[in-house]
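Each chain is listed here by its residues.
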Amino acid sequence: MNWKNDITEKLNSDYSIIQAPMFGVTTPEMVAAATKAGCLGSLPLGDLPVEKCRDVIRTTKQLSPKLFAVNLFANDIPVLTETLKAKYGAVKQFIENLAAEHGLTIVLPRIDEISVTSYHEQLDIILQEGIKVVSFTFGNLDQQSIQMLKDNGITLIGTCTSVEEAKTLEASGIDILCVQGLEAGGHRGSFTLDNVAMIGGMSLLSQVFDAVKVPLVYAGGIYNSRTLLATEALGAKGFQVGSLLLGSAESALKEFEKERLRNVKESEIVLTKSFSGRYARGIKNAFIEAVEQNDVILPYPYQNKLTNEVRKVAKANGNTDFVSIWLGQSNNGYSGDSTFEILKKLIAQTEQADHS
Ligand SMILES: Cc1cc2nc3c(=O)[nH]c(=O)nc-3n(C[C@H](O)[C@H](O)[C@H](O)COP(=O)(O)O)c2cc1C
């Protein structure tokens, strides 16, 4: 396997494997371990406030001298209409009642108590901290931000889940595309087709390869040498792994969540909008079932903000019925080894398997 290509060159890494940004799971320690293994580490900033972004970036820099990417949420934020405010109140009440029925006493924030951070607010800190790779999901950056980041020598990686999205990203000057197949764990990165592009990785990657010229990273279901090499055959030059690292020593998941992952049945892995208002792949539980049955779902990010507190309390209480445990379709056993060991094993296995 010859790992060196235009992706490793742009990302300044030994291997074209990318540790997926996983908001809520990826820690600075995971990013540092990935870079130590010669891969690209990705630090998710999600909707963290600016000061918190600075803290996690600085912590990661202290742990690793190597280059790493930061990851942004590039979604539009829907205007808060009176109808949306009224619906927020109703969903809030429903979730509080549901939690109480399951023994969790919580008061969720009122709509005027939540704050939403846009990626625009995070850009200054990214420049100030000298970040050189920015990946993003849930949308495309606006043209002014793209220009500003590129003028500062930053490589941009945009996420697509359809050929249409791939073409949009390429046309706006994005350097590398992360093609996210339907198998992937966590949120779908979709931003067109009403956010419902549900295209399997095999179909998607091959078609995107034919449609654009920029180098492609593939994300979704890679968990061993065979899956990695299959995506190489379909046109990927970079390989992003998320779920493979969920059980790792550096994952922020609690032990009860890792245990739940290790016992998951394939019929329990579902796509749901119930926790955040956007489709995400995770383990079915009582919360998902009740919210879907009653159709009490606000648009992203409002549902996400609303359910944040319930997830936090459930996490602290070891309650699997109210936490969101995201994972992809490839059950990889969720090793508790370090991120470094898991990635090194994937590299060694791939080098052994590939005789090209
Ligand atoms: C727990 C979890 C959180 C995720 N959070 C993010 C995120 O913050 N930003 C992002 O671009 N992708 C996120 N993703 C998607 C991953 O980047 C990647 O597309 C996916 O993990 C690949 O599929 P796999 O899980 O089968 O390896 C997340 C995935 C998981 C499992």
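On a predicted model such as this, the values are computed, not experimentally measured, just so you know.

Analysis parameters
Residues numbered from 1 in each chain as written. Predicted model: local features only at pLDDT ≥ 70, side-chain atom pairs only at ≥ 80, totals over all residues. Heavy atoms only, no water. Helix = DSSP H or I, 4+ residues; strand = E, 2+ residues; numbered from the N terminus. Buried < 20%, exposed > 50% of the residue type's maximum accessible area, 1.4 Å probe, protein only. Contact = heavy atoms within 4.5 Å. Areas by Shrake-Rupley, 256 points an atom, 1.4 Å probe, with all protein chains shown as cover. Lys, Arg positive; Asp, Glu negative; His and termini not counted. Charge placed at Lys NZ, Arg CZ, Asp CG, Glu CD. Core = buried A, V, L, I, M, F, W, Y, C linked by side-chain atoms within 4.5 Å. Domains from an automatic or database assignment. Phe/Tyr/Trp six-rings, centres within 6.5 Å; stacked < 30°, edge-to-face > 60°. Lys NZ or Arg CZ within 6 Å of the ring centre and 35° of its normal. Near = heavy atom within 4 Å. Polar contact = N/O pair within 3.5 Å; in protein donor to acceptor, adjacent residues only side chain to side chain. Pairing = 2+ DSSP bridges. Axes fitted to C-alpha atoms, helices over the stretch in contact; angles between N-to-C directions. 1 Å grid on protein atoms, 1.4 Å probe; cavity = no way out; pocket = protein on both sides within 12 Å on 5 of 7 lines; lining within 4 Å. Points joined across faces, edges and corners; volume = space filled by probe spheres on them. Nonpolar A, V, L, I, M, F, W, Y, C, P; charged D, E, K, R; others polar.

Draft legend 1. Structural context of the overall build of the protein. Counting its secondary structure elements, the protein contains 13 helices and 11 strands. Summarising its shape, the C-alpha atoms of the protein cover approximately 60 × 45 × 40 Å along the three principal directions. Within the span of the protein, comprising 356 residues, buried residues form 58% of the whole. The long-range share in the protein, meaning contacts at least 24 apart out of those at least 6 apart in sequence, stands at 66%. On the protein, roughly 15000 Å² of surface is accessible, and the fraction owed to carbon and sulfur atoms is 48%. Across the protein, the mean location of the 34 positive side-chain charges is 2 Å away from that of the 41 negative side-chain charges.

Draft legend 2. Representation of the nonpolar core. Ile-17, Leu-45, Val-70, Ile-126, Leu-156, Leu-177 and Leu-228 are the most contacted members of the largest nonpolar core, which totals 98 residues. Top contributing element to this core by residue count: helix α4 (residues 82-101), with 6 residues. Domain assignment of the residues forming this core places at least three in each of domain 1 (1-76 + 117-251 + 333-356) and domain 2 (78-115 + 265-326). With sequence-adjacent residues up to four places away left out, Ile-126 is seen in contact with Leu-45, Val-70, Leu-72, Ile-131, Val-134 and Ile-154.

Draft legend 3. Representation of the packing of aromatic side chains. Under the criterion given, the structure shown has 8 aromatic pairs. Here Phe-138 and Tyr-300 contribute two aromatic rings whose centre-to-centre distance is 5.3 Å and whose plane-to-plane angle is 70°, an arrangement assigned as edge-to-face. Taken as a pair, Phe-138 in the loop between β4 (133-137) and α6 (143-151) and Tyr-300 in the loop between α11 (286-294) and α12 (302-316) lie far apart in primary sequence, 162 residues in all. Note on accessibility: Phe-138 and Tyr-300 belong to one class, buried. Seen from their ring centres, Phe-275 and Phe-287 are 4.4 Å apart, and the 20° between their planes marks the pair as stacked. On the criterion of sequence distance, the pair formed by Phe-275 in the loop between β10 (269-272) and β11 (280-283) and Phe-287 in helix α11 is long-range, its members being 12 residues apart. With respect to burial, Phe-275 and Phe-287 carry one shared label: buried. Taken together, the ring pairs connect Phe-23, Phe-73, Phe-138 and Tyr-300 into an aromatic cluster. Sitting over the face of the ring of Phe-138, Arg-278 holds its NZ or CZ atom 4.1 Å from the ring centroid.

Draft legend 4. Spatial organisation of the site of the ligand. Around the ligand, the structure places 21 residues, and the nearest of them are Pro-21, Asn-71, Gly-221, Gly-242 and Ser-243. Separating a nitrogen atom of the ligand from a side-chain N or O atom of Asn-71 is a distance of 2.8 Å. Between the ligand and Gly-221 there is a distance of 2.8 Å, counted from an oxygen atom to a backbone nitrogen or oxygen. Elements with a contribution of two residues or more to the shell around the ligand: β3 (69-73) and β9 (238-241).

Draft legend 5. Structural detail: the sheet that holds strand β5 (residues 155-160). With parallel pairing, the 8 strands of this open sheet are ordered in space as β1-β9-β8-β6-β5-β4-β3-β2. Looking at which strands have only one partner, the edges of the open sheet turn out to be β1 (17-19) and β2 (42-46). Direction aside, the axes of adjacent strands within the sheet are offset by 25° on average. In this structure, β1 lies alongside β9, joined through 3 bridges in parallel fashion. In the strand pairing of β9, Ile-18 is matched with Gln-240. On the sheet, helix α5 (residues 119-128) packs against β2, β3 and β4 and is oriented at approximately 165° with respect to β3.

Draft legend 6. Expanded view of empty space enclosed by the protein. Counted according to the given criterion, the structure contains 1 cavity of 30 Å³ or more. Computed from the structure, the largest cavity encloses a volume of approximately 90 Å³. Residue classes in the lining of the largest cavity are distributed as 6 nonpolar, 5 polar and 1 charged.

Draft legend 7. Looking closely at the sheet that holds strand β7 (residues 186-187). The sheet built from 3 strands is open, its strands ordered β7-β11-β10 with antiparallel pairing. Edge positions in the sheet fall to β7 and β10, since each has one partner strand and no second. Here β10 pairs with β11 via 4 bridges, running antiparallel. Across the sheet, the residue bridging to Leu-271 is Arg-281, located in β11.

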